[in-house]
Structures are given as structure tokens and as C-alpha cells.
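Spelled out from the first residue to the last, the chains are:
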Amino acid sequence: MSCLYVTIHFQPPYVDYPGSVHTYLIDWITSVRYSQRIYFALELLLIGSLLGVILVKKLPFRRQSAFLILSALTVLLLRIPNTLLPEQNLDESVIIAGSGMMIQEPKIWGSFDGTTVGPIHYYLLTLSYWLLGAVNYTSIRLIGLIFCIIPGIVFVYHAIRQLYGNQTAYAVAFGYTLCMATISSFEFIAYSSEVVPNLLLAVEVFCLSAVMAGKGFRYAGLLCFVAGLMPYTKLQGVPLAGTLVIYLFIELYRQLTFRKTVVLLLLGLAPTFLVGLYLLTNDLFFDFYHSYILFNLEYAGSGLRWGLVPEMLFGSAETPGGTPDILPYVLFTFAVISLQGLRLFYSGTHVRKIRIIFVLYLLAVVWFSVIKSGQSFRHYLNLFFVPLFWGLGVVWGESRRMLGPDTLLYRLGLYIPFLAIFLVKAPARNQGIEYAYRQQKPPEPLVAAIRALAKPTDRLGIWGHGNLAHLYCHTCLLPGTRDAFASRQIDPSSLQTYFLRRYVGDLHRNRPRFIVEDGRYQYYQTRLTTIDPEYFRGYTIQAVHDSVRLYVRKDQPTAERVIAEK
């Protein structure tokens, strides 16, 4: 048993929860008649204010504080409407279900398994329950903005300021702010498993920059500790964290003593020691090893597709549409880093070439991390943001020696392209505002059938893939097994036997009142009722909607049985 257990009934997490931040924001938008024109005017006002704070010579207040506050407000206010949208990525529904379990029974890998998503996400997002009244799509996106994305911009700003001063830091942070504030593709509107790793990377580059600037050894210790947290947010980010640690040791090699080296290694391993202690005291090491380590290694075991990143950005037959909202920012920063970086490297000007090499190498590691799984999920591109903008700051800062700090090109060379990108995109209609004025649709038949029978303490099991995970959010029920969906039980793999045995054990332990079986996929090689025929004699088919069967436990009173084939 976890010592952190609290007895709480999970509150209804979806959009119709009265009093939730979601319904409050919709009521506010409609009551004040917040329109696309007002939103457009707010965009211009905020961006104009940012430029004013940067470019006006004399201000009655501290420039840095005003810039960072305005930057945070710009991202928050321009992103809030899109937080109202329904599920944008099935991972969001899984993460909501997992966060609900961490409120009810905070025993990761015991009560809930996040598959490729590390446990830190689920514990962080319990804050949406305590601070915002419910765990839903809106609240988790707001937590991501407030606790990860906005602080990430602040850390990148301070990282560049420590190395090259305010002038360069303002220019880069201005572009980063515009990029984060105007994102509109569904993969980036959604809360994704790269949000926390992005924050950790921002903290790491801040600490690395402090060390590069000759500041105290404590920054090196913090960098190593934060890097040690990365495996428990997203294993995909480990190569990036490791690369930053390696460069840290290169920077410090003349100062490192045996004692300091041991201290850094212990700080880096501290999160793993704590996780190991938790696993041993809760008898979960076997589950952790199989479901997090071995499964992730198998998941990322496909061959490398080096052209996958351009396919995500520009679109392809497999991933149509591309990412037009971030494409200009990515292309511009890539072009500046590559072209200006190579120019600096081969110039006779005295620049710190090792920094240019490291930035280019770091971007190559990001590219590798994004394509390693072989999956074309565009939210993986989130991993590029911190390395790209920090790398831009390094290259532009080193260009100061070549261009001169007072030349017009150096002073305005980043602002004009970033502002042009923003002005081209600014007139686009905001999806969240349009959604707020739409008439709410009735729940889908399967959701209505479950709601008609469910009590708050009931649980729901899903035998199907992640496309059904939204049922937890719409029915307000916690998962009946530690797997939010059953892909790992259905799909043949070297670990299938382990996952099937665990799934059956969870069913016997939790006895979910409802189980949903997706019958739309004929290629399923493992059927629900075959995994434990004796157990499923205790269930009856209550309804069928669109080839999805709803099983209800027989020892519960049920409404009249209705089979609705669609």
C-alpha cells in the first residue's frame, strides 16, 4: 500500500461538469461576447506591448520583469480559448484517466500504467483537481501551460541572457513566445507527453549556460538531478538529457575532482534511487521492468526513418496536412542555426566553435529521438523547441563578434522574421472561440448507456485501442484495470503473455462494473471472453453500439436490456 493514499471520489472530469474551469470559461466567453475580432485585437495589443517593452529605450519599470510577465500573459491569453476544445489526441484521455487514478490511488504501475508516458505527468496533473476543480481536457492543458510551457520560455530566456546578454535573450524569447502563443494544430493544442520533458530540457540548458558563463558548481548539480528525472517523464527524452550532461562534463573537465564527479553522479542517480525504493517497498519492480523498460525498448525497436521529421512538418501520404503553425518558426530557426553556424565555424573570426558544434550535435540528437520509435506522431516535434531556440540564441550570440552588437542586422535580424510570421498567421480564426459558441451535442449512445447505469464508484474496463479512452472522460469513471486500453493485450508481442496475465488479475481485483469490447477490428487475434471464460460468465451484454459491446456485471441491478445495433 502506498503511504500517499487518499480517499477521494474522482469528480466528473469532462466538459459538462458544473462549475469546472471549462464551463466557467465557456460561460465567460459567451456572456461578454468574446469574438474573433476581439481576439485579433488582443493579439496585436500583446505583441505590440512586447515589442514596446523591448525597443523603447526608457521605461518607468524594470524591463526584464515587464517582458517576462508580458510574455507569460501573451502565451496564456492567446492559448486559453483553444484549451476548451474536446479531445485533440487520444493520449489526453489516457492521461486524464491516469491522473484520476493518482488522486484515488497514487500507486503508479500498481493502480495505473501509463505505457510510454512517464509517471511524473500523472502526479503533476493531479494539480488540476486541486487547483482547477476537475481533471479534464481544459484543466490539464492549463496546467501544462502554467507549469511547463511558460516556465520553459523563462528558463530559455535566462539561459541565453547569462551567455550573451539581454539583447540576444529578448530577441530569441520574443520568437519563442510567438511560436508558443500561436500554435493551433491539434497535436500541439493537446497536452502531450513531451510537455514536461520540454520543461526539464529548459532547466538543463539554463543550468548548462550558467556553468558555461562561469557560475557556481550548484548549477551543475541541479542539471544532473534534472537530467535524472527525464526517464520518468519520457524515455524518448533521455538521449537529449544525456547529451547535455556529457557537454557539462566537457565544460567542467578541468575543474572536476573525484569528489565533485561522485557528487554529480549521485545527484543524477538520485531520482532512480527514489524510484527503486518505491518499487521495492510496493513490490512493483517486476511490473516496472516489463511494462516500462522492456515495452518501451520494444516500442522503439523499429528501424530509423531519417525522412520522418520532414514528413511530419510538410505532410505526406501517411501524415497529411503537415504542421503549418510551427513550420515557419522551425524552418527559420533551422536555417539561421545551420547557415550562420557553418559561416561562423569556417570564418576567421574568433568565435567559440565548440559551442556551434554542440548546438548542431544537439539538434541531430533531437532528430534521432523523434524518429527512433518509427511513429509519425507530430507531438514528438515538441522536443525540438527548447534545443532550437536555445541553439538560435547561441548562434546569434556568437554572431555578435562577426556582425557587431550595434549593427542594424544584429539588432533586428530576428525580430522582423518572427514578426512577419506572426502577422501572416494572426488573422486566422480561433477554433476555441468558435467551439464555445457551438451548441453542445448530446452524448454518444454508448456513453449515455453507461451513464444511465453508473454510480460514481463504478469502474470501466476497455478491451480495445486508445480510440475508446475518451469513454473514461465522458462517463466520469475510473479505469477497471491498470491499462487504460488493451492494445498490449490484443496485439501479439514477446510481452503479450505478461500483459494478459496482469489484465486478468486486475479484473479479478477491481471487478469493474462495465467492460467495453471493440468489435470493429476483425484482425484481433485475442478476444475478450477467451482470456478468462469463467470470469466473463458473470457479465451480460447490455448494449451494442457501432459494433462496440457493453458488458455489465450481473450482480448489479440493471435497466431493461436494450441492444441497439448501428
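Refer to the preceding data block for the structure.
What you see is a predicted model; the values in this text were computed from it and never measured.

This part covers the state of the cysteines. In this structure the tally under the stated criterion is zero disulfides. Of the cysteine sulfurs around Cys 473, a residue in no disulfide, the closest is that of Cys 476, at 8.7 Å.

What follows covers the pattern of salt bridges. Here the structure, examined in full by the defined rule, presents 17 salt bridges. Between Asp 483 and Arg 488 there is a salt bridge, with the nearest N and O atoms lying 2.7 Å from each other. Here Glu 534 ties to Arg 537 by a salt bridge, and the two come within 2.7 Å at their closest N and O atoms. Judged by relative accessible area, which is 52%, Glu 534 ranks as exposed. Sharing partners across several salt bridges, the network here consists of Asp 113, Asp 483, Arg 488 and Arg 502.

Further remarks concern the sheet that holds strand 3 (residues 514-518). Pairing in this open sheet of five strands is mixed, and the strands run 2-1-3-5-4 from one edge to the other. Of all strands in the sheet, those with a lone pairing partner are strand 2 (478-479) and strand 4 (539-545), marking the two edges. Inspection of the sheet shows strand 4 paired to strand 5 (residues 548-553) by six bridges, in the antiparallel sense. Within strand 5, the residue paired with Val 544 across the bridge is Arg 549.

This next bit is on the pairing of strand 3. Within strand 3, five of the five residues are buried, which leaves the element mostly enclosed by the surrounding structure. Both faces of strand 3 are covered, namely the face carrying Phe 514, Val 516 and Asp 518 and the face carrying Ile 515 and Glu 517. Pairing analysis gives four bridges linking strand 1 (residues 459-463) to strand 3, with the strands arranged parallel. Pairing of Leu 460 across the sheet is with Phe 514, part of strand 3. Pairing analysis gives five bridges linking strand 3 to strand 5, with the strands arranged antiparallel. Residue pairing across strands places Asp 518 opposite Val 548, the latter belonging to strand 5.

Here is what the cut-offs are and how they apply
- Residues numbered from 1 in each chain as written.
- Predicted model: local features only at pLDDT ≥ 70, side-chain atom pairs only at ≥ 80, totals over all residues.
- Heavy atoms only, no water.
- Disulfide = S-S within 2.5 Å.
- Salt bridge = Lys/Arg side-chain N within 4 Å of Asp/Glu carboxyl O.
- Buried < 20%, exposed > 50% of the residue type's maximum accessible area, 1.4 Å probe, protein only.
- Pairing = 2+ DSSP bridges.
- Helix = DSSP H or I, 4+ residues; strand = E, 2+ residues; numbered from the N terminus.

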